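Close look at the chain arrangement
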Amino acid sequence: MKIQPNARVLARDAATTATERLRAYLPANAVEGARNAAETRIIAIDAPGSGASALTEALRAAGAVVHRDEARLVLVATRATLDAACAAVAADPSSAALATEALRAFVADGTPSSTLRMRDRHLELGGRARVMGILNVTPDSFYDKGSYNGVDRARSRAHEMVALGADVIDIGGQSYAHWNPKIAADEERDRVVPVVEALVGDNIGVALSIDTFKASVAEAALAAGAHLINDCSGLSDPALAGVVARYDAGLVVMHIKGELNVRSVAYPYDDVMAEISAFLRERLDAARAGGVAEDSLVIDPGLEFGKEPATDLEILERFGDLRSLGVPILFAASRKSFIGRVFDRSAKELLVPSLATAAIGIFAGARLVRVHDVEETTQLARMIGAVRPESRARLAFAAGMPGTPAAT
């Protein structure tokens, strides 16, 4: 039988790079050049300024597709065409700076961070997304309803989550639900610090995160042995970055519109991902200026914080845009209200859609997933990670599926 030609597109997504696809078909010395010619990005540069005209001409001459208007420059280019345009405008400072920014975004999008450093701990992010277990030690948590309020109950739950696969425990002493009031720093500190001390004393073996926006609470928790500060206010406390830096700890910087514990009538956006990206870029720069190490930074788009359900869904659809900021991304949607409003169900009934949103986030590039349901999300993350070529090569498979004759 005559074999007919059969063309296939060697597809890739955020979980499988073009390099991994090409390595399966090309000799090693041909992979880099092929990747530079094959990898195409759609890049939007907001407020491009005076360098836009010359860069537009250079990009078009190199073969890129470019659209320019008063608000932004949008280009569709491969790495090879972008390199050529960068070389062409190298003598013009404003155009060169713009080209360098486009190249930065291109490289960051395709080069995910492999490690998150939090004091003396290094969390490997390359093989699969890591799971952050939520430990609310408040009497008014929207989901846990105070189940883990108190050192003994919190301690037991933390050990349970570690046994189920959690890589990080995120301890929160302040509910951000708009129907709950803000509490004083002293009260928040009294809730979280004893839990940190107990878990450090237990040598629990995973990183401890503190969900706070207050520098004084962060200081006390880090002094007690915490490793990471998860700030849901986007550095509203100007002293927080300096505190994190003094302890060489990790920092999650989240986008928020408005303020914590306050709900507005509406949250309008012209371009939600442009606004979130610009906000996070500015706050990341502030964190770096405060001394936080580059390999200790994480971003979070802040699903539901100053957003309506339709906006949250748009963020899910465009989540991969955040990769171009060049730091690991935290995904936090577990049992949130916007999911409940999609299905008209309570938080207790949202396991499956929460797992679905987690999968969307992981495929789009999230490397840390903050959840209530640790066991199920760990299995999800492991399964998604298992399909990567490098992961498959290291997997040890059982002799047969348990519960079947093949297993015996």
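Going by the structure above, here's the rest.
Residues numbered from 1 in each chain as written. Predicted model: local features only at pLDDT ≥ 70, side-chain atom pairs only at ≥ 80, totals over all residues. Heavy atoms only, no water.

Scanning the protein from terminus to terminus reveals 15 helices and 13 strands. Relative to the compact-globule value of 22 Å for 408 residues, the protein shows a C-alpha radius of gyration of 23 Å, a close match. Taken along the three principal axes of its C-alpha coordinates, the protein extends 65 × 65 × 45 Å. Carbon and sulfur atoms provide 54% of the accessible area of the protein, an area that totals close to 19000 Å². Computed over 45 positive and 52 negative side-chain charges, the separation of the two mean positions in the protein equals 5 Å. (Helix = DSSP H or I, 4+ residues; strand = E, 2+ residues; numbered from the N terminus. Rg over C-alpha atoms; globule rule 2.2 N^0.38 Å. Areas by Shrake-Rupley, 256 points an atom, 1.4 Å probe, with all protein chains shown as cover. Lys, Arg positive; Asp, Glu negative; His and termini not counted. Charge placed at Lys NZ, Arg CZ, Asp CG, Glu CD.)

On to the sheet that holds strand β6 (residues 130-136), then. Overall, parallel pairing links the eight strands, which are arranged β11-β10-β9-β8-β7-β6-β13-β12 in an open sheet. Strand pairing shows two members of the sheet lacking a second neighbour, β11 (297-300) and β12 (330-331), which therefore form its edges. Relative to strand β13 (residues 368-371), β6 runs parallel, the two sharing four bridges. The residue of β13 that forms the bridge with V131 is V369. (Pairing = 2+ DSSP bridges.)

Across four bridges, the pairing between strand β2 (residues 65-68) and strand β3 (residues 72-78) is antiparallel. Note on β3: the bridge partner recorded for H67 is V74. Following β2, the chain reverses through three residues before pairing antiparallel with β3.

One pass over the structure, following the stated rule, counts 31 salt bridges. A salt bridge links D170 to R370; the shortest N-O distance between them is 2.7 Å. Remark: R370 occurs in strand β13 and D170 occurs in strand β7 (residues 168-172); sequence separation between them is 200 residues. Since its relative accessible area comes to 0%, D170 is described here as buried. For R370, a relative accessible area of 14% gives the class buried. Between R318 and D271 there is a salt bridge, with its nearest N and O atoms 3.2 Å apart. Highlighted residues: R318 in the loop between α11 (309-317) and β12 and D271 in the loop between β10 (250-254) and α10 (272-289), separated in sequence by 47 residues. Judged by relative accessible area, which is 25%, D271 ranks as partly exposed. When salt bridges with common partners are traced through the structure, they connect E39, R41, D109 and R323 into a single cluster. (Salt bridge = Lys/Arg side-chain N within 4 Å of Asp/Glu carboxyl O. Buried < 20%, exposed > 50% of the residue type's maximum accessible area, 1.4 Å probe, protein only.)

The relation between two aromatic rings is expressed through the spacing of the ring centres and the mutual angle of the planes. If you walk through the whole model with that rule in mind, you get three aromatic pairs. With 6.3 Å between their ring centres and 70° between their planes, Y176 and F305 make a pair best called edge-to-face. Of this pair, Y176 sits in the loop between β7 and α7 (185-201) while F305 sits in the loop between β11 and α11, placing them 129 residues apart in sequence. Cation over ring: R41 sits above F106, and NZ or CZ is 4.7 Å from the ring centre. The ring of Y269 has K257 sitting right over it, with the charged end atom 4.0 Å from the ring centre. (Phe/Tyr/Trp six-rings, centres within 6.5 Å; stacked < 30°, edge-to-face > 60°. Lys NZ or Arg CZ within 6 Å of the ring centre and 35° of its normal.)

Glancing now at the sheet that holds β3. The strand order across the open sheet built from three strands is β1-β3-β2, with neighbouring strands paired in antiparallel fashion. Every other strand in the sheet has two partners, leaving β1 (40-46) and β2 as the edge strands with one partner each. Recorded for the sheet is a direction-independent mean angle of 10° between the axes of neighbouring strands. The sheet contact formed by β1 and β3 spans seven bridges and is antiparallel. By the bridge assignment for β3, I45 is matched with L73. Packing of helix α3 (residues 52-62) onto the sheet brings it into contact with β2 and β3, and relative to β2 it is tilted by some 160°. Running at roughly 120° to β3, helix α4 (residues 79-88) makes contact with β1 and β3 of the sheet. (Axes fitted to C-alpha atoms, helices over the stretch in contact; angles between N-to-C directions. Contact = heavy atoms within 4.5 Å.)

All right, on to α11 then. All buried positions along α11 are accounted for by P309, T311, D312, I315 and L316. Viewed along the axis of α11, the buried residues span an arc of 160°, placing them on a single side of the element. Within α11, the exposed residues directed more than 90 degrees away from the buried face are A310 and E317. Check the buried side of α11 and you find it contacts α10, β12, α12 (337-343) and α13 (351-364). (Arc of directions from axis to C-beta.)

Read these as geometric descriptors, not functional statements.
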